[in-house]
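# Overview (structure and organization)
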Amino acid sequence: MNLSDSQTGVVAPRRVSAMEAVLTHLRGAIERGEYAIGDKLPSEAELCRTLEVSRPVLREALRALQTMGLTRSRTGKGTFVVADAVEDPTFGDYAAGDLMEVRRHIEVPVAGYAALRRTPEDLDHLVHLLERMERETDTTSWVALDTVFHLAVAQAARNPVFRRVIEEIRDALARQSAFLTELGGRREQSNREHRALVEALTEGSEHDAVQAMTHHLDRVENTLTAIVRPAHHPAPGGPGT
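Here is what the cut-offs are and how they apply
Residues numbered from 1 in each chain as written. Predicted model: local features only at pLDDT ≥ 70, side-chain atom pairs only at ≥ 80, totals over all residues. Heavy atoms only, no water. Helix = DSSP H or I, 4+ residues; strand = E, 2+ residues; numbered from the N terminus. Expected span 1.5 Å × (residues − 1). Buried < 20%, exposed > 50% of the residue type's maximum accessible area, 1.4 Å probe, protein only. Arc of directions from axis to C-beta. Contact = heavy atoms within 4.5 Å. Phe/Tyr/Trp six-rings, centres within 6.5 Å; stacked < 30°, edge-to-face > 60°. Lys NZ or Arg CZ within 6 Å of the ring centre and 35° of its normal. Pairing = 2+ DSSP bridges. pLDDT = per-residue confidence, 0-100. Patch = residues over 30% accessible without salt bridge, like charges linked within 9 Å, V, L, I, M, F, W, Y side chains within 5 Å. Areas by Shrake-Rupley, 256 points an atom, 1.4 Å probe, with all protein chains shown as cover. Salt bridge = Lys/Arg side-chain N within 4 Å of Asp/Glu carboxyl O. Lys, Arg positive; Asp, Glu negative; His and termini not counted. Charge placed at Lys NZ, Arg CZ, Asp CG, Glu CD.

Looking now at helix H5 (residues 120-135). The α-helix advances 3.6 residues per turn, and as a result positions three or four apart in sequence lie on the same side. Taking 1.5 Å of rise per residue, 16 residues should cover 22 Å, and H5 covers 23 Å from first to last C-alpha, within 8% of that figure. Buried within H5 we find Asp 122, Leu 123, Leu 126, Leu 129, Leu 130 and Met 133. The arc that holds every buried residue of H5, seen down its axis, measures 130 degrees, which confines them to one face. Of the exposed residues in H5, those oriented more than 90 degrees away from the buried face are Pro 120, Glu 121, Asp 124 and Arg 135. Contacts made by the buried residues of H5 are with helix H4 (96-117), helix H6 (139-156) and helix H9 (187-203).

Here it is as structure tokens:
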């Protein structure tokens, strides 16, 4: 069974990666009860043979299942199903819902303060980061730059408490960013949203900066929702099974 080029049954604007196809297949099997709560998934070697994918691809899909809260890995024992429906993904130490709530209360006003308080050095740094992100094609490198970008916006707000809060959730932000980039194709869209924010900061417009960050977080939340609660699932026996 080769899942490398399979589609989910929904017409999509971008090509589905091998990891996404594997994730869709395994998630569907769990949600349909083919793997019940408490069941152990087949070994990595067996899944790689069955699905005809490489071990790195499979491991990315297994990590995504765990982020979604459907499975849990037990050292030396394997991967076990712990839920049959996605409720609220977890990024590091924080649930996605909690993370988004805090981001709205922190990063939106931070953007406004940054527009009023940023220095020429802050703007140079943000433009440099943005240009690197727009050139970057490697997901891991882009995610690292994405996190630094949000820290730099907090730095431009000139309040060390804001930066400390962003530092505290830095790992969760990176995990969320990687999740959305891999499964939601967020990279180019996020670059455009970051560009709009930098333009607002350059103009010194508190209103536009707040609007740009709000729009950015709206899109993040919409993409997350689309991944967690997709409109359609592949039918048993259909593509990707």
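Turning next to unusual backbone geometry. Phi is positive for Glu 52, which is not a glycine, with a value near 55 degrees. Inspection of the secondary structure assignment puts Glu 52 in the loop between helix H2 (44-51) and helix H3 (55-67). Among the residues examined, Glu 52 registers a relative accessible area of 43% and is labelled partly exposed. Positive phi, close to 60 degrees, is recorded for Arg 158, a residue that is not glycine.

Let us now look at the packing of aromatic side chains. Inspection of every chain in the model, using the stated rule, returns two aromatic pairs. Each ring, one from Phe 91 and one from Phe 179, has its centre 5.4 Å from the other, and the planes form 65 degrees; the classification is edge-to-face. Linking Phe 91 in strand E3 (residues 90-91) with Phe 179 in helix H8 (residues 170-184), this pair joins segments that are 88 residues apart in sequence. As far as the burial class goes, Phe 91 and Phe 179 line up, both buried. Taking NZ or CZ as reference, Arg 74 lies 4.3 Å from the ring centre of Phe 80, over its face.

As defined by bridge partners, strand E1 (residues 71-74) adjoins strand E2 (residues 78-81) across four bridges and the pair is classed as antiparallel. Bridge pairing in E2 links Thr 71 to Val 81. Where E1 hands over to E2, the hairpin turn is made up of three residues, of which Gly 76 adopts a positive phi near 80 degrees.

This part is about the confidence of the model for the protein. Looking at the protein as a whole, the pLDDT averages 87, with 88% of positions reaching at least 70. This model gives residues 4-12 a pLDDT under 50, and the stretch forms 16 contacts once residues within four places in sequence are excluded. A low-confidence stretch, residues 232-241 stays under pLDDT 50, and its non-local contacts, those more than four residues away or across chains, total 18 contacts.

With that settled, the discussion passes to the environment of Arg 192. Along the polypeptide, Arg 192 turns up in helix H9. What makes Arg 192 exposed here is its relative accessible area of 54%. Note: C-alpha distance between Arg 192 and Glu 134 (58 residues apart in sequence) is 8.8 Å.

Taken together, Asp 84, Glu 87, Asp 88, Asp 98 and Glu 101 make up a surface patch of like negative charges. Relative to the helices and strands, Glu 87 is located in the loop between E2 and E3.

Working definition: two side chains of opposite charge can pair if their charged atoms are close together. The final tally for this structure, using the stated rule, is 13 salt bridges. Note that Glu 221 and Arg 104 form a salt bridge whose closest N and O atoms lie 2.7 Å from each other. On the criterion of sequence distance, the pair formed by Glu 221 in helix H10 (residues 206-228) and Arg 104 in helix H4 is long-range, its members being 117 residues apart. A relative accessible area of 30% means that Glu 221 is categorised as partly exposed. Note on Arg 104: relative accessible area 27%, which makes it partly exposed. Ionic pairing is found between Asp 171 and Arg 175, a salt bridge with its closest N-O pair at 2.7 Å. Placement of both Asp 171 and Arg 175 in helix H8 is noted, with a separation of four residues, approximately one turn of the helix. We classify Asp 171 as partly exposed; its relative accessible area is 43%. Since its relative accessible area comes to 46%, Arg 175 is described here as partly exposed. Here the salt bridges do not stand alone but share partners, grouping Glu 44, Arg 55 and Arg 59 into one network.

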